[in-house]
Amino acid sequence: MARLSKGSIVGYSTDTSTWGNFTAAATWLPVLSYTPTEARQPATVPTMGRDGAAGLFSEEHTRERIDFVGRIEHHVHYQAGGMHFALLHALGAVATTGSGPYVHTYTLGDKPSLGLSVTLNKGEAVSDTAAGGRVSGFELRHVNGTDGDGLAVFAFDAIWKASVGGEVSKVSPTYTPITRKMLASQMSGFTWSGVDRKAYLLDYTLTVDRATGRAPGFGTKETADPIQRGPHVVSLTARFRQENGTHYAALRADTQSDLVIAYTGTSNDAATLTLRNGIIASVTEERSASTNEVIETVQMTFFGDSADSPLTVAITNDASNPATN
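Residues numbered from 1 in each chain as written. Predicted model: local features only at pLDDT ≥ 70, side-chain atom pairs only at ≥ 80, totals over all residues. Heavy atoms only, no water.

Student: Would you take a moment to explain empty space enclosed by the protein for this structure?
Tutor: Over the atoms a probe the size of a water molecule is rolled, and this reveals where empty space is left. Using the criterion set out here, one finds 5 cavities of 30 Å³ or more in the structure. By volume, the largest cavity is sized at about 100 Å³. Lining of the largest cavity is provided by 13 residues; of these, Phe190, Trp192, Arg197, Phe240 and His247 occupy positions nearest its centre. Sorting the residues of the lining of the largest cavity by element identifies β14 (187-192), β19 (233-241), α2 (246-253) and β22 (291-302) as the ones contributing at least two each. Broken down by element, the lining of the largest cavity gets its largest block of residues, 3 residues, from β19. (1 Å grid on protein atoms, 1.4 Å probe; cavity = no way out; pocket = protein on both sides within 12 Å on 5 of 7 lines; lining within 4 Å. Points joined across faces, edges and corners; volume = space filled by probe spheres on them. Helix = DSSP H or I, 4+ residues; strand = E, 2+ residues; numbered from the N terminus.)

As structure tokens, this is what we get:
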């Protein structure tokens, strides 16, 4: 019988004690899509062939490299333990303030001391597990509810050490559905350079490149703890119904300002994305004889400074522990 994706879900935890030491899932989160799997690419061994043979053929191969990489996508929740683990390992650090409601602020910076352990339930058949996960890049994208379903999506790419044991018997997940997802109708501000443009915003994608790659070495086929080889790159692409020439003028003037994207959910739920020291890198206008509406695509780049990271994500909810489901 063919395998089906029905029942697929992802479990998260943080490695135990040392990097790459797998820990069973502490919390589970429904998944939109996922691709992580182990690869062992073969390499042919060069040869000059056999004397008298009627052709030159490769006769040997090696498998000296193990990769466990891929992308995982989730809807964004105001409160879900799995969301906490994804945000923590994508950005690097979290601090909690308040006494109910609580504000959990994730700050882009150095990787956590331990890696991300993941349990991938492959439908209703089997599970695969890996440890040492390091996020190499991530994105948060959101389309308005008229052109899309209005649900924000968080996706990240990561490098793990290796599969712990390949496919094993399915790990039984423990998950209580959470309906408190980030919706387009809940956006309360998309403010840059003192102007809130949410009324004209069609969609946006926030992208972060953590510039992180494998750390190969002798004595093993697996990667050591992946290394950040360059600066974090934080950028955002947004599409607007053009209201005026503000963005083009800001591009020409090299205007620099923070961008604050705010959401207000139900009860005490809220989220604020703060992208600092942003400049407009380009403005592209779409004009067509088929429509009278002018659509502009604005690309922005953000920078850190002596006091702040270029990106923080603050989630407000009723949980004192951000890992609470």
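Student: Teacher, can you tell me more about the nonpolar core here?
Tutor: Formed by 58 residues in total, the largest nonpolar core has its most connected members in Phe156 and Tyr204. If you tally residues by element for this core, the top one is helix α1 (residues 81-91), at 7 residues. Setting aside residues no more than four positions away along its own chain, tyrosine 204 makes contact with Leu140, Arg141, His142, Met187, Phe190, Leu236, Thr237, Ala238, Ile261, Tyr263 and Leu273. (Core = buried A, V, L, I, M, F, W, Y, C linked by side-chain atoms within 4.5 Å. Buried < 20%, exposed > 50% of the residue type's maximum accessible area, 1.4 Å probe, protein only. Contact = heavy atoms within 4.5 Å.)

Student: Where do I start with the packing of aromatic side chains in this structure?
Tutor: Each aromatic ring pair is specified by the distance between its two centres and by the angle formed by the two planes. Applying the stated criterion to the full structure yields 6 aromatic pairs. Seen in terms of ring centroids, tyrosine 12 and phenylalanine 156 are 6.3 Å apart; in terms of plane orientation they differ by 50°. Their pairing is tilted. Of this pair, tyrosine 12 sits in strand β1 (residues 9-14) while phenylalanine 156 sits in strand β12 (residues 153-160), placing them 144 residues apart in sequence. Here tyrosine 12 matches phenylalanine 156 in class, with each residue buried. Measuring from ring centre to ring centre gives 6.0 Å for phenylalanine 190 and phenylalanine 240, while their planes differ by 70°; the resulting arrangement is edge-to-face. You can see phenylalanine 190 sitting in strand β14 and its partner phenylalanine 240 sitting in strand β19, a full 50 residues away along the chain. Of the residues examined, phenylalanine 190 reaches a relative accessible area of 4% and is grouped as buried. For phenylalanine 240, a relative accessible area of 3% puts it in the buried group. One aromatic cluster is present, formed by Tyr12, Phe138, Phe154 and Phe156 through successive ring pairs. Over the face of the ring belonging to phenylalanine 240 we find arginine 197, whose NZ or CZ atom lies 5.1 Å from the ring centre. (Phe/Tyr/Trp six-rings, centres within 6.5 Å; stacked < 30°, edge-to-face > 60°. Lys NZ or Arg CZ within 6 Å of the ring centre and 35° of its normal.)

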